[in-house]
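# Remarks on the overall topology
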Amino acid sequence: HAVSDCGIPQELKHLQEESTDVNKPTEAGHTLLHEAILHSMEDMVRLLLDYGADADQASTTRPGFAPLHDAAREGYYRGVIFLLAKGANVNIDTLNGSTPLMRATCGGHLKVMDLLIKAGASLTAVNNEGLDALGVAYRYNKRAAAELLIKAAEERARREDKIRADNAIARA
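Let us look at the structure shown here. (Residues numbered from 1 in each chain as written. Predicted model: local features only at pLDDT ≥ 70, side-chain atom pairs only at ≥ 80, totals over all residues. Heavy atoms only, no water.)

## Side note on the packing of aromatic side chains
Both the distance between ring centres and the angle between the ring planes are used here to describe each pair of aromatic rings. Formally: Stacked, tilted and edge-to-face are the three classes assigned to paired rings of Phe, Tyr and Trp, where Trp is represented by its six-membered ring and a pair needs centres within 6.5 Å; plane angles under 30 degrees give stacked, over 60 edge-to-face, the rest tilted. Lysine and arginine charges are scored as sitting over a ring when NZ or CZ, respectively, is within 6 Å of the ring centre and within 35 degrees of the ring normal.
Under the defined criterion, the tally for this structure stands at zero aromatic pairs. Just above the ring of Phe65 sits the side chain of Arg62; from NZ or CZ to the centre is 4.6 Å.

## What about the nonpolar core?
Note the following rule: Within this scheme, the nonpolar core is defined by two criteria: the residues are buried Ala, Val, Leu, Ile, Met, Phe, Trp, Tyr or Cys, and they are joined through side-chain atoms within 4.5 Å. Using a 1.4 Å probe on the protein chains alone, a residue whose accessible area is under 20% of its type maximum counts as buried, one over 50% counts as exposed, and one in between counts as partly exposed. Where helices and strands are cited, they refer to DSSP runs of H or I of at least four residues and of E of at least two residues respectively, numbered from the N terminus.
Judged by nonpolar contacts, the single largest core of 39 residues is most densely connected at Leu33, Val45, Leu83, Leu101, Leu116 and Leu149. Of all elements in the fold, only helix 2 (32–38), helix 3 (42–50), helix 4 (67–74), helix 5 (77–85), helix 6 (100–107), helix 7 (110–118), helix 8 (133–139) and helix 9 (143–171) reach the threshold of two or more residues within this core.

## Remarks on the pattern of salt bridges
In a structure, side chains of opposite charge can pair up when their charged atoms sit close to one another. Rules: For this document, the term salt bridge refers to a Lys or Arg side-chain nitrogen within 4 Å of an Asp or Glu carboxyl oxygen.
Following the criterion strictly, the structure yields nine salt bridges and no others. Salt-bridge contacts for Arg46 lead to Glu42; the nearest nitrogen and oxygen are separated by 3.6 Å. Here Arg46 pairs with Glu42, and both are found in helix 3, just four residues apart, close to one helical turn. What makes Glu42 partly exposed here is its relative accessible area of 24%. Members of the salt-bridge network, linked through shared partners, are Arg62, Asp70, Arg73 and Glu74.

## Description of the packing of helix 5 against helix 7
The test is simple: Here, axes are lines fitted to C-alpha atoms. For helices the fit covers the stretch in contact, and angles between N-to-C directions go from 0 to 180 degrees. Oblique is the label for any angle not under 35 degrees, not over 145, and not in the 65 to 115 range, which are roughly parallel, roughly antiparallel and roughly perpendicular in turn. Whether a crossing is left-handed or right-handed is set by the direction in which the near helix is turned from the far one by less than a right angle, anticlockwise for left-handed and clockwise for right-handed. Whether two residues touch is decided by their heavy atoms; if any such pair falls within 4.5 Å, the residues are in contact.
For the pair helix 5 and helix 7, the least separation of the axes is 9 Å and the interaxial angle reads 15°. With respect to each other, helix 5 and helix 7 are oriented roughly parallel. Here helix 5 runs over helix 7; the crossing is right-handed. Contacts between helix 5 and helix 7 involve Tyr77, Val80, Ile81 and Leu84 from the former and Lys111, Val112, Leu115 and Leu116 from the latter.

## Observations regarding the layout of surface pockets
Using the following cut-off: Both cavities and pockets are sets of points on a 1 Å grid over the protein atoms alone; in a cavity a 1.4 Å probe fits but cannot get out, in a pocket the set is open with protein on both sides within 12 Å along at least five of seven lines, and lining residues sit with an atom within 4 Å of a point. Grid points are joined across faces, edges and corners, and a volume is the space filled by probe spheres set on the points. Amino acid classes used here: Ala, Val, Leu, Ile, Met, Phe, Trp, Tyr, Cys and Pro are nonpolar; Asp, Glu, Lys and Arg are charged; the rest, including Gly, are polar.
Here the largest pocket is characterised by a volume of approximately 180 Å³. Considering the residues around the largest pocket, the lining is formed by Asp114, Ile117, Lys118, Leu148, Lys151, Ala152, Glu155, Arg156 and Arg159. The set of elements that each furnish at least two residues to the lining of the largest pocket consists of helix 7 and helix 9. Ranked by the residues each element gives to the lining of the largest pocket, the list is headed by helix 9, at six residues. Split by residue class, the lining of the largest pocket holds three nonpolar, no polar and six charged.

## Some words on helix 6
When you tally the buried positions in helix 6, you get six out of eight residues, the bulk of the element. If you follow the buried residues of helix 6, they end up packed against helix 4, helix 7, helix 8 and helix 9. Immediately beyond the C-terminal end of helix 6, within one or two residues, lies Gly108, with a positive phi of roughly 65°.

## Overview of unusual backbone geometry
The phi angle at Ser40 is positive, at roughly 50°, despite the residue not being glycine. Of note, Ser40 is situated in the loop between helix 2 and helix 3. The class of Ser40 is partly exposed, set by a relative accessible area of 43%. Not every positive phi belongs to a glycine, and Asn141 is a case in point at roughly 55°. By the element assignment, Asn141 lies in the loop between helix 8 and helix 9.

## Topic: the environment of Thr60
Mapped onto the fold, Thr60 is located in the loop between helix 3 and helix 4. Distance from Thr60 to Thr31, taken between C-alpha atoms, is 8.9 Å for residues 29 residues apart in sequence. With residues up to four places along the chain from it excluded, the contact list for Thr60 reads Pro25 and Gly29.

Just distances and angles here, no functional claims.
Dropping the structure here:
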């Protein structure tokens with residue numbers, strides 16, 4: 001991608017010059033943000049988000065798939081960071097109920113899975129096939145992903161038990 005003297009890709013130079021809707025789907029049904037995520041174009045992802053790209057806007061051709069689903073599926077760690085920092089819904093689901101955590105699990109992207117879990121991704125959300133992220137890990141034979149999910153569930157349960165115990169003591 002050609003870059004202007006200001007460091008802005010020529011393809012997006014018109015964003016500065018006119019009020020272009022960065023959320024308008026392309027002919028392929030994706031937003032520019034989807035395309036930048038799918039091609040791991042870090043500078044473009046950041047620029048689009050700075051220009052108001054909707055981090056949760058779904059593709060019109062892939063029902064319900066938001067940029068975070070794509071970044072998670074591709075294992076695009078920095079893209080996930082940028083999207084979450086701009087307020088992307090960590091638990092957004094597709095029309096079939098898939099969450100970004102499930103998409104990262106399909107690919108066995110442990111670093112992305114860990115990031116999503118730390119950002120509050122649901123471990124118990126279930127897709128239309130009745131599978132949670134752990135079920136997805138088993139279905140796609142992602143042993144390391146399953147281990148990460150089990151460990152995360154145990155850690156959350158311990159934290160929740162401690163909070164309940166602390167609250168009981170405080171009420172006593």
